[in-house]
Amino acid sequence: MGALNKDIILNKEQHKALFAPFTETILVKGVAGSGKTTIAAARAYQLVEGLKNLNPLFPNQNVKIGVFSFNRTLVSYLKGLFDVRSPNIEVTGIHSFIWNNYLKNLCFSIPNDKELAENVEQYLQEVELTPNLSKKNTDFFLNEFKWFKGMMLKSMDDYLKIKRKGREGRLSEKDKEIVWKIYEKLKIWQNEQKKFTYDDFPNIVMKNVKPVFDALIIDEAQDLSKACLTFLSKTVKPESKSIMILADAAQSIYTNGITWKGVGFTVHGSRSIELKQNFRNPLHVYKVAKCIIEKVEDKEDFILNEADCAQKNFHCTEKVAIIHCKDGNEQNKLLLSLLNYKRSKDSGSYVILTKGYRDSRDIQNYLTINNINCLLIEKNKEFSIKPNVYVTTAYSVKGLEFDYVFVLGVNENSYTSKGEDVEICDKNRKLLYTCLTRAKKNAYIFSSENQYSSMLDDIDKDLITVKDYREQSL
């Protein structure tokens, strides 16, 4: 059958999740560090054998399990967890699956962000904007259109009727009518040019979905849109109905506005399992992360319980450090100095997190030139985490864990926590929370001294050490 590439010891709730009924929809809600990703991989093996024994429909033992995640980096990591690749288990991302099975032979292309932005800018000049919409930038409209596709909205009436947390009340009916008209203009351009985004993928193939899996496991499900989850629900054979959804609402960094029932997943209370114990973070790190996430406006389904932090007795002589830098060059120098010092004391795993891929590539080049060999974690390459230095983006680190975490550029322009767009502010808080909860030993936050994100002011001062670039000893 194969085995995992790591040994696991289960607590009561993890055991309950792993051996939950094979022919039901199971929702597993887990705090950061509760072992959701490991359970997802182990569950796949259990399902292969369990369904073979349970179901006479598999005379040739030909059980097919689908393991999905939105994050391509996490997909690569999941693949690395399997010691022997099982022909019964397919680990993939939803967009890759749709492309390979439905779209790769069709004649169309994927527009880049610049193309989309240029078209939206042109359409904005063709309509009379309200005072409210005239204050919005192009990204606002593109994010709104992304949400339309994810929510499978078909008409302006759908948009006007739907209740949306965060932005509800911030756009008038007139605003929404104008936004929808611009969206329709963009759709016409896409159809004429045969250019479709990844957000279009599920909707393009929804009517042609084939049920190919006997069981489905969806990791980091909180980040999948209604369209993605609806598509996935149709890939499971009706005679099985075996679906496991693993999610943490506190790490939902992509706005989707969905409920499980609304996308076809019926989960009764007895089939919902909560993993409350955090096996990863030391208590001092988790308390800092909790200060950030507690300010999120909508905390429905959050699991935040520092009493169940498994490493609460972990002794660390350091606090989480916030390091204020003069500029980007100073940040890189301080990062290099701190890395060299820490690695001289501990040969563990280190990850540097940036907001964008280009920044990650620049940091990798800088460290390499300065004699620190580091691995850039890329979306489509399998990898395992060993004592080393890694570089990736804040968006790509979900589901992973490292001894030490360095979060770069935590400034108001990239991690804003103020303004009327509550969705964006909450998303940034969840993103920083996700970054900090990757740490098994300690975390370091780098920012500009005069432009640091205001969310850092929400952290209890007793939990952190604040330093600036003038201090020689970090």
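Note that residues are indexed from 1 along each chain, following the sequence as it is written. Per-residue local features are limited, in this predicted model, to residues with pLDDT of at least 70; the limit for side-chain atom pairs, both in listing and counting, is 80 or more; totals at the level of whole chains, interfaces and linings are taken over all residues. To get the side-chain values, all heavy atoms of the structure are used, and hydrogens and water are removed first.

A. Structural detail: the overall build of the chain. Within the chain one finds 14 helices and 15 strands. When the 474 residues of the chain are sorted by exposure, 55% land in the buried category. Residue contacts are counted whenever heavy atoms from the two residues lie within 4.5 Å of one another. Within the chain, contacts between residues separated by at least 24 positions form 80% of all contacts whose residues are at least 6 apart in sequence. A total accessible area of about 21,700 Å² is found for the chain, and carbon and sulfur atoms account for 46% of it. Each helix is a run of H or I in the DSSP string that is no shorter than four residues. Each strand is a run of E no shorter than two, and both are numbered from the N terminus. Only protein chains enter the area calculation, which uses a 1.4 Å probe; residues under 20% of their type maximum are buried, those over 50% are exposed, and those in between are partly exposed. The method behind every accessible area is Shrake-Rupley, applied with a 1.4 Å probe, and residues are considered shielded solely by the protein chains displayed.

B. Broad picture of helix α14 (residues 422–436). Over its 15 residues, α14 runs 21 Å from end to end, which matches the ideal 21 Å to within 8%, given 1.5 Å per residue. Of all 15 residues in α14, 13 are buried; the element is thus mostly enclosed. One fewer than the residue count of a helix, multiplied by 1.5 Å, yields its expected span.

C. Spatial organisation of the environment of Asp-113. Residue position: Asp-113 is located in helix α5 (residues 113–126). Here Asp-113 falls in the exposed class, since its relative accessible area comes to 64%. The spatial distance from the C-alpha of Asp-113 to the C-alpha of Thr-197 is 9.6 Å, given a sequence separation of 84 residues.

D. Main features of the side chain of Lys-36. Positionally, Lys-36 belongs in helix α2 (residues 36–54). Here Asp and Glu are counted as negative and Lys and Arg as positive; His is not counted, and neither are the chain ends. Put simply, a salt bridge is a Lys or Arg side-chain nitrogen that is within 4 Å of an Asp or Glu carboxyl oxygen. As a buried residue without a salt bridge, Lys-36 has its nearest oppositely charged side chain in Asp-248, at a separation of 4.6 Å. Once residues lying within four places of it in the same chain are set aside, the contact partners of Lys-36 are Gly-30, Val-31, Asp-219, Leu-246, Ala-247, Asp-248, Gln-251 and Leu-275.

E. Layout of the packing of helix α11 (residues 283–293) against α14. One way to put it is that α11 packs onto α14 with a least axis distance of 9 Å and a crossing angle of 175 degrees. In this view, α11 runs roughly antiparallel relative to α14, as classed from their interaxial angle. Only Arg-429, Lys-430, Leu-432, Tyr-433 and Leu-436 of α14 make contact with α11, whose side of the interface consists of Val-285, Tyr-286, Val-288, Ala-289, Ile-292 and Ile-293. Partitioning the contact of α11 with α14 into residue classes produces nine nonpolar, no polar and two charged. Under this scheme, a helix contributes an axis fitted over its contacting stretch, all axes are lines through C-alpha atoms, and angles between N-to-C directions fall in the 0 to 180 degree range. Any angle between 65 and 115 degrees counts as roughly perpendicular, while under 35 counts as roughly parallel, over 145 as roughly antiparallel, and the rest as oblique. Think of it as three bins: nonpolar holds Ala, Val, Leu, Ile, Met, Phe, Trp, Tyr, Cys and Pro, charged holds Asp, Glu, Lys and Arg, and polar takes everything else, Gly as well.

F. Inspection of the packing of α5 against helix α8 (residues 173–193) at higher detail. At their nearest, the axes of α5 and α8 sit 10 Å apart, and the two run at 130 degrees to each other. Comparing their axes, α8 and α5 come out oblique. Two packed elements cross with a definite hand, and for α5 against α8 that hand is right-handed. For the pair α5 and α8, the contacting residues are Glu-115, Leu-116, Asn-119, Val-120, Tyr-123, Leu-124 and Glu-126 in the first and Ile-182, Lys-185, Leu-186 and Trp-189 in the second. Put simply, a crossing is left-handed when the front helix is turned counterclockwise from the back one by less than a right angle, and right-handed when it is turned clockwise.

G. Structural detail: helix α6 (residues 138–150). Its 13 residues place the ends of α6 19 Å apart at the C-alpha level, agreeing with the 18 Å of an ideal helix rising 1.5 Å per residue. With 10 of its 13 residues buried, α6 lies for the most part within the structure. By the burial criterion, the buried members of α6 are Thr-138, Phe-140, Phe-141, Leu-142, Glu-144, Phe-145, Trp-147, Phe-148, Lys-149 and Gly-150. Where the residues of α6 are buried, they touch α5, α7 (156–161), α8, α9 (201–205) and α10 (226–233). Polar contacts, as used here, are pairs of N or O atoms within 3.5 Å; protein pairs need one atom able to donate a hydrogen and one able to accept it. Residues neighboring in sequence count only if both atoms are side-chain atoms. Where α6 begins, the side chain of Asn-137 points an oxygen toward the backbone nitrogen of Asp-139, at a separation of 3.2 Å. Immediately beyond the C-terminal end of α6, within one or two residues, lies Met-152, with a positive phi of roughly 60 degrees.

H. Representation of unusual backbone geometry. Residues other than glycine seldom take positive phi values, yet Lys-194 does so here, at roughly 55 degrees. Considering the arrangement of structural elements, one finds Lys-194 in the loop between α8 and α9. Using a relative accessible area of 45% as the deciding quantity, one classes Lys-194 as partly exposed. Its identity as a non-glycine residue notwithstanding, Asn-371 has a phi of 70 degrees, on the positive side. Turning to its location among the elements, Asn-371 is positioned in the loop between α13 (357–369) and β11 (374–376). On the basis of relative accessibility, which here comes to 70%, the residue Asn-371 falls in the exposed class.

I. Representation of the packing of aromatic side chains. Pairs were defined over the aromatic rings of Phe, Tyr and Trp, the Trp ring being its six-membered one, requiring ring centres within 6.5 Å. Orientation was assigned from the angle between planes: stacked under 30 degrees, edge-to-face over 60, tilted for the rest. With the rule as written, the count across this model stands at 23 aromatic pairs. Measuring from ring centre to ring centre gives 4.9 Å for Tyr-350 and Tyr-404, while their planes differ by 20 degrees; the resulting arrangement is stacked. Of the two residues, Tyr-350 sits in strand β10 (residues 350–354) while Tyr-404 sits in strand β13 (residues 402–407), which places them 54 residues apart along the sequence. Accessibility assignment for this pair places Tyr-350 and Tyr-404 in one class, buried. Residues Phe-406 and Tyr-444 carry aromatic rings whose centres are separated by 4.9 Å and whose planes lie at 15 degrees to one another, so their mutual orientation is stacked. Of this pair, Phe-406 sits in strand β13 while Tyr-444 sits in strand β14 (residues 439–448); the two residues are 38 residues apart in sequence, bridging distant segments of the chain. No difference in accessibility class separates Phe-406 from Tyr-444, as the two residues are buried. A connected cluster of aromatic rings, assembled from ring pairs, spans Phe-145, Trp-147, Phe-148, Tyr-159, Trp-180 and Tyr-183.

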